[in-house]
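Results of the structural survey
Here is what each chain is made of, one letter per residue.
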Amino acid sequence: MVGAAIYDILSNDAGVGALISTRIYPDIAPQNVAYPFAIYTIDQADPSDTKDGAAPIYLLSFVVQIYSESYDMTNAIANAIRSALGAKTAGTYGGLSLQSIRFAGQQSTSMNVDRHIYIIEQTYNARFNG
């Protein structure tokens, strides 16, 4: 369900859409997908239980990886995604109630020399209502 919220935010952002359309995938991209594209992966989801019962809030971290055949395009997409996710206010996205998303960091993970593919990985922390 968290993936649906991430997809909803990114696929409905004009800046992201202008660069990668809806080529935003959970965990792995389809084989032979056109570049550029992004993949999101939920790293860790921790319930924030209370004494009274089930977790009303989930704390989680997720990663977005951006793949492109151009260094400049990879960075442009990374900036657009960071802007889209960081600009979100509390609300419902993909059927899930979001409290906040915080950008936690970014790194260039590697470049596939044979195929000339650039990769940037971004990490985010989020709070969703359960």
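Model, not experiment: these values are computed from the prediction.

A look at the side chain of Q122
The topology assignment puts Q122 in strand β6 (residues 117-129). Once residues within four sequence positions are removed from consideration, Q122 is found in contact with F62, V63, V64, I66, A78, I81, R82, F103, G105 and Q106.

Points about helix α1 (residues 2-11)
With seven of 10 residues buried, α1 lies mostly within the body of the structure. All of the buried residues in α1 are V2, G3, A5, I6, I9, L10 and S11.

Some points on the packing of aromatic side chains
Tallied over the full model, the rule gives six aromatic pairs. Measuring from ring centre to ring centre gives 6.3 Å for Y25 and F37, while their planes differ by 70°; the resulting arrangement is edge-to-face. Here Y25, found in strand β1 (residues 24-26), pairs with F37, found in strand β2 (residues 37-47); they are 12 residues apart in sequence, far enough to count as distant. The residues Y25 and F37 share a single accessibility class, namely buried. Ring geometry for F62 versus Y124: centroids 5.2 Å apart, planes at 15°, classification stacked. Linking F62 in strand β3 (residues 57-68) with Y124 in strand β6, this pair joins segments that are 62 residues apart in sequence. Just as F62 is buried, Y124 falls in that class too. In this structure an aromatic cluster arises from ring pairing among Y25, Y35, F37 and Y67. The ring of F103 carries R82 above its face, with NZ or CZ at 5.2 Å from the centroid.

Definitions and limits used
Residues numbered from 1 in each chain as written. Predicted model: local features only at pLDDT ≥ 70, side-chain atom pairs only at ≥ 80, totals over all residues. Heavy atoms only, no water. Helix = DSSP H or I, 4+ residues; strand = E, 2+ residues; numbered from the N terminus. Contact = heavy atoms within 4.5 Å. Buried < 20%, exposed > 50% of the residue type's maximum accessible area, 1.4 Å probe, protein only. Phe/Tyr/Trp six-rings, centres within 6.5 Å; stacked < 30°, edge-to-face > 60°. Lys NZ or Arg CZ within 6 Å of the ring centre and 35° of its normal.

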